[in-house]
Amino acid sequence: MNAAVRAVVRMGLYVGAKVYFIHEGYQGMVDGGDNIREASWESVSSMLQVGGTVIGSARCKEFRTHEGRLKAAHNLVQRGITNLCVIGGDGSLTGANLFREEWSGLALILPGLIEQDSVQKYSALHIVGMVGSIDNDFCGTDMTIGTDSALHRIIEVVDDVILPLASHRLLRFLSHQRTFVLEVMGRHCGYLALVSALACGADWVLIPEMPPEDGWEDKMCQKLSTRSRGTRLNVIIVAEGAIDRSNTPITTDYIKDLVVKNLGFDTRVTILGHVQRGGTPSAFDRILASRMGVEAVLALLETTANTPACVVSLCGNQSVRLPLMECVEMTQEVQKAMDEKRFEEAVKLRGRSFENNLKTYKLLAHRKPDNFNVAVLNVGAPAAGMNAAVRSAVRVGISEGHKVFAVSDGFEGFYKGQIKEIKWADVGGWTGQGGSLLGTKRRGSLPFGALYCFLMAPLFHHCTSSPPHNTQPPLMDAKALGSALQGFLSLLELLTAREKYEEFCVPMVMVPATVSNNVPGSDLSIGADTALNAITSTCDRIKQSASGTKRRVFIIETMGGYCGYLASVGGLAAGADAAYIYEEPFDIRDLQANVEHLTEKMKTSIQRGLVLRNENSNENYTTDFIYQLYSEEGKGVFDCRKNVLGHMQQGGAPSPFDRNFGTKISAKAMQWVTRKLGETFRQGRVFANSEDSCCLLGMRRRALVFQPVVQLKGETDFIHRIPKEQWWLKLRPLMKILAKYKTSYDVSDSGQLEHVVHNRPKELDASVAM
């Protein structure tokens, strides 16, 4: 919420508006006085990394009455406020809309309290909403502010408390298994439970939108009993509002007693409670809130007396504006459908993202007989979330009836024959593991060209010489979970090799996985969110290290090759003053201007500065050069420190976003493979030689789309290994505005008022928003 407040204040000041804080929510609006105070640029400094809400929030019974709203109107008019940006849930936003609708009537009463000539001036109230809720229970947006941070808290508990017990030395001597029952928030919405179950590979999940069928207790115990043969740990995640088909609550104690009685497993219950609301906000939430805050101010500037109150939402990777009450009504319709036991309809009303999460979880829980043979391999540098993607590919492949093979060490392992079948249980617990458990190597070490194709071609035949049940022809489909352009270039070469070797005429698909986020054809890549969190948390710690000291500027070098995504978006999330990247050329005059700008800010207000530099932004203006320049020019005002983050950006456990994104995009890719295998199976064999049988699956604005790799060649700068057009460059002015630079902001791509029912294209899959 604080990131949203910061963005609204600074964007409001940027456009020349007077901005006010209303402390303690509607209660502060009703009470007035010091609760309504003018905000300054400095008043939101150091707010970005703080959890909770600095300006406070409180429930207000008085605002629900006409008299209370009249007091609030009077307090606003006294200060000339006719534009409100409200951050809250559906109740808060509904109250704001009622206040707006009543405003003209309240204004008729106000003449006794204000000057007559001011009545017309304050005759209309404009409202824009942003949804702040960890439950992600508001229809019309794929993600609400706070949800991703709550998922971080849940996954931290699973990773740091529960999973380590699976390898506890005492467990080796126990004849029984251990089961953890974890209750997460979600009284009316199971989003947190569902996504955390996907992100940690839970064995069973219970959510209010989809109560289990009668007899679920026996099915759950049977699954836990079967699964326990390969592991000593089971995890069950329960939303606090979980119910059965009779609307009877399903409690954690009931599940514990059930498991102990039927299976005899050592069972522990953990109830997270308000832990999920606390902590430092994630990089995703900071960026989301910043984008929404700026969009809210732009929406207020464009609104008229006849414009309906709108809410700023996220659809795929885009900000959109939707009529507030349409979203509220649909949100209420979800609860109505649940009350009337229309659960399938409730799931659909929750939105495409929620529905896809549920489908993916169900998909990962079933198995079928063997059908085709499919290979999975990682290419290029490791990225957090790769293992979640491999797990999903393996289990969805098995559930689709295929025999799945794992290839170690990328294409090098492929041509060396490091290939073995991988089973359902082999990928258990992979979602939370960082790096690449399959191993991966850069393709630069391979003998590419004719020799490479010659070596690989027999392998396709070797790995598939014994088709299952002797019913299918030899076949291996190579699915590359690529890093940067490694997988992309590999698929292009394999596509070319089809002319000589028919063995390569099989469906092939690449899922983008790289911290650099530089894959053509995709706005986002697996691993980039984890890297952003590493950068953001490190910058927070670095800035904190200077608290209480004299003024100091930190120069931070990030990874990314020639791609400036990490430096730019990481800078936005960490509140950087500047970010130097290759895509936006700079010279000594720009550096000097940045130093002077920071010097002025240091003299008047801020005590700490932050400057990010992408590792390949300029071969001459190195990190050392920039550090020395800032140190020299800042003498007498601030001193400097430098840090090179290096490979720590690649390491660590994957974020909930990367786990979930990797799981869903990989499941979608494997389903595409299955479909293509069926389409290209003719006369006892698979023969796929068309362009659309060799694709990259990527997020493009609002949709996940399969794109033939040959069509992406024209969109790629092969020399610098980056796409020719990159969406995040539009966020660069936003970072500068929030750092108090005078710059222009392109509003041509800003959200337009849409309708909640029709806000998604037919092919939309909002998996990117979890």
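Given the structure is predicted, the values throughout are model-derived calculations rather than measurements.

As for the overall build of the protein
In step 1: When helices and strands are tallied, the protein shows 22 helices and 25 strands.
In step 2: Within the protein, residue pairs in contact and separated by at least 24 positions form 79% of the contacts whose partners lie at least 6 positions apart.
In step 3: Accessible area for the protein stands at about 30,300 Å²; split by element, carbon and sulfur atoms hold 49% of it.

Side note on the side chain of Thr663
In step 1: Tracing the sequence through the fold places Thr663 in helix H21 (residues 656–680).
In step 2: The exposure class assigned to Thr663 is buried, which follows from its relative accessible area of 0%.
In step 3: Of the polar contacts made by the side chain of Thr663, one reaches the backbone oxygen of Arg659; its length is 2.7 Å.
In step 4: Every residue in contact with Thr663, bar those within four places of it in the chain, is listed here: Leu198, Thr360, Leu364, Ala388 and Ser392.

What to know about the packing of helix H6 (residues 191–200) against H21
In step 1: With their axes 8 Å apart at the nearest point, H6 and H21 run at an angle of 80 degrees to one another. Between H6 and H21, the angle falls in the class roughly perpendicular. From H6, Val195, Leu198, Ala199 and Cys200 reach across to H21, where they touch Arg659, Asn660 and Thr663.
In step 2: Of the residues assigned to the contact of H6 with H21, the class counts are four nonpolar, two polar and one charged.

With respect to the nonpolar core
In step 1: Among the nonpolar cores identified, the biggest contains 131 residues, and Ile237, Tyr565 and Leu612 are the most heavily contacted of them.
In step 2: Looking at which element gives the most residues to this core, the answer is helix H9 (residues 283–302), with twelve residues.
In step 3: Apart from residues lying up to four places away in sequence, Ile237 is in contact with Leu182, Val184, Ala193, Ser196, Ala197, Cys200, Ala202, Trp204, Val205 and Leu206.

Observations concerning a positive patch on the surface
In step 1: A cluster of basic side chains, namely Arg59, Lys61, Arg64, Arg187 and Arg277, defines a positive patch on the protein surface.
In step 2: Along the chain, the position of Lys61 falls in the loop between strand E2 (36–38) and helix H3 (66–78).

Focus on helix H10 (residues 324–339)
In step 1: With 16 residues, H10 ought to run about 22 Å at 1.5 Å a step, and its terminal C-alpha atoms sit 23 Å apart, in line with that.
In step 2: Lys341, located one to two residues past H10, shows a positive phi value of around 65 degrees.

Let's talk about the environment of His647
In step 1: Looking at where His647 falls in the secondary structure, it is placed in the loop between strand E19 (639–644) and H21.
In step 2: Measuring from C-alpha to C-alpha, the distance between His647 and Met559 comes to 7.8 Å, with 88 residues separating the pair along the chain.

Some details on the sheet that holds strand E6 (residues 204–206)
In step 1: Reading across the sheet, the four strands line up as E6-E7-E5-E8 and stay open at both edges, with parallel pairing between neighbours. Edge positions in the open sheet fall to E6 and strand E8 (266–271), since each of these has one partner strand only. Here the strands of the sheet are splayed against their neighbours by 15 degrees on average, with no regard to which way each runs.
In step 2: Packing of helix H8 (residues 252–263) onto the sheet brings it into contact with strand E5 (178–184), E6, strand E7 (233–239) and E8, and relative to E8 it is tilted by some 170 degrees.

Some remarks on the sheet that holds strand E3 (residues 83–88)
In step 1: Taking strand neighbours across the sheet as the criterion, the four strands line up as E3-E4-E9-E10 in an open arrangement whose pairing is mixed. At either margin of the open sheet sits one strand with a lone partner, and together these are E3 and strand E10 (318–323). The sheet shows a mean angle of 30 degrees between the axes of neighbouring strands, taken without regard to direction.
In step 2: Contacts from H10 reach strand E9 (310–315) and E10 within the one sheet, and its direction differs from that of E10 by about 85 degrees.

Some words on the packing of aromatic side chains
The geometry of an aromatic ring pair is captured by two quantities: the separation of the ring centres and the angle between the planes.
In step 1: Following the criterion strictly, the structure yields 17 aromatic pairs and no others.
In step 2: Each ring, one from Tyr501 and one from Phe504, has its centre 6.0 Å from the other, and the planes form 80 degrees; the classification is edge-to-face.
In step 3: Measuring from centroid to centroid gives 5.3 Å for Tyr621 and Phe625, while their planes differ by 45 degrees, and the two rings are tilted.
In step 4: Owing to a relative accessible area of 18%, Tyr621 belongs among the buried residues under this scheme.
In step 5: Given the relative accessible area of 30%, Phe625 is considered partly exposed.
In step 6: Aromatic ring contacts, followed pair by pair, group Tyr26, Phe63, Phe99 and Trp103 into a single cluster.

Concerning the side chain of Asp148
In step 1: Along the chain, Asp148 turns up in helix H5 (residues 147–162).
In step 2: Buried and unpaired, Asp148 has no salt bridge, with Arg153 as the nearest side chain of opposite charge at 8.2 Å.
In step 3: Within polar-contact distance, the side chain of Asp148 engages the side chain of Ser282 at 2.5 Å.

Description of empty space enclosed by the protein
In step 1: Under the defined criterion, the tally for this structure stands at four cavities of 30 Å³ or more.
In step 2: Reported here for the second largest cavity is a volume of approximately 80 Å³.
In step 3: Along the walls of the second largest cavity sit ten residues, with Asn136, Thr141, Asp142, Arg350 and Phe354 positioned nearest its centre.

Details of the packing of helix H11 (residues 343–350) against helix H12 (residues 352–363)
In step 1: Viewed as axis vectors pointing N to C, H11 and H12 meet at an angle of 120 degrees, and their least axial separation amounts to 5 Å. Here H11 lies oblique to H12, going by the angle between them. Only Phe354, Glu355 and Leu358 of H12 make contact with H11, whose side of the interface consists of Val347, Lys348 and Arg350.
In step 2: Split into classes, the residues belonging to the contact of H11 with H12 amount to three nonpolar, no polar and three charged.

Some remarks on the pattern of salt bridges
In step 1: Applying the stated criterion across every chain, the model contains 34 salt bridges.
In step 2: Measuring nitrogen to oxygen at the nearest pair gives 2.8 Å for the salt bridge that ties Arg321 to Glu295. Taken together, the residues Arg321 in strand E10 and Glu295 in helix H9 connect sequence positions 26 residues apart.
In step 3: Its salt-bridge partner being Arg702, residue Glu754 comes within 2.7 Å of it at the nearest N-O pair. Of this pair, Glu754 sits in the segment after helix H22 (732–738) while Arg702 sits in the loop between strand E22 (694–700) and strand E23 (703–708); the two residues are 52 residues apart in sequence, bridging distant segments of the chain.
In step 4: When salt bridges with common partners are traced through the structure, they connect Glu333, Glu340, Arg342 and Glu345 into a single cluster.

Here is what the cut-offs are and how they apply
Residues numbered from 1 in each chain as written. Predicted model: local features only at pLDDT ≥ 70, side-chain atom pairs only at ≥ 80, totals over all residues. Heavy atoms only, no water. Helix = DSSP H or I, 4+ residues; strand = E, 2+ residues; numbered from the N terminus. Contact = heavy atoms within 4.5 Å. Areas by Shrake-Rupley, 256 points an atom, 1.4 Å probe, with all protein chains shown as cover. Buried < 20%, exposed > 50% of the residue type's maximum accessible area, 1.4 Å probe, protein only. Polar contact = N/O pair within 3.5 Å; in protein donor to acceptor, adjacent residues only side chain to side chain. Axes fitted to C-alpha atoms, helices over the stretch in contact; angles between N-to-C directions. Parallel < 35°, antiparallel > 145°, perpendicular 65-115°, else oblique. Nonpolar A, V, L, I, M, F, W, Y, C, P; charged D, E, K, R; others polar. Core = buried A, V, L, I, M, F, W, Y, C linked by side-chain atoms within 4.5 Å. Patch = residues over 30% accessible without salt bridge, like charges linked within 9 Å, V, L, I, M, F, W, Y side chains within 5 Å. Salt bridge = Lys/Arg side-chain N within 4 Å of Asp/Glu carboxyl O. Lys, Arg positive; Asp, Glu negative; His and termini not counted. Charge placed at Lys NZ, Arg CZ, Asp CG, Glu CD. Expected span 1.5 Å × (residues − 1). Pairing = 2+ DSSP bridges. Phe/Tyr/Trp six-rings, centres within 6.5 Å; stacked < 30°, edge-to-face > 60°. 1 Å grid on protein atoms, 1.4 Å probe; cavity = no way out; pocket = protein on both sides within 12 Å on 5 of 7 lines; lining within 4 Å. Points joined across faces, edges and corners; volume = space filled by probe spheres on them.

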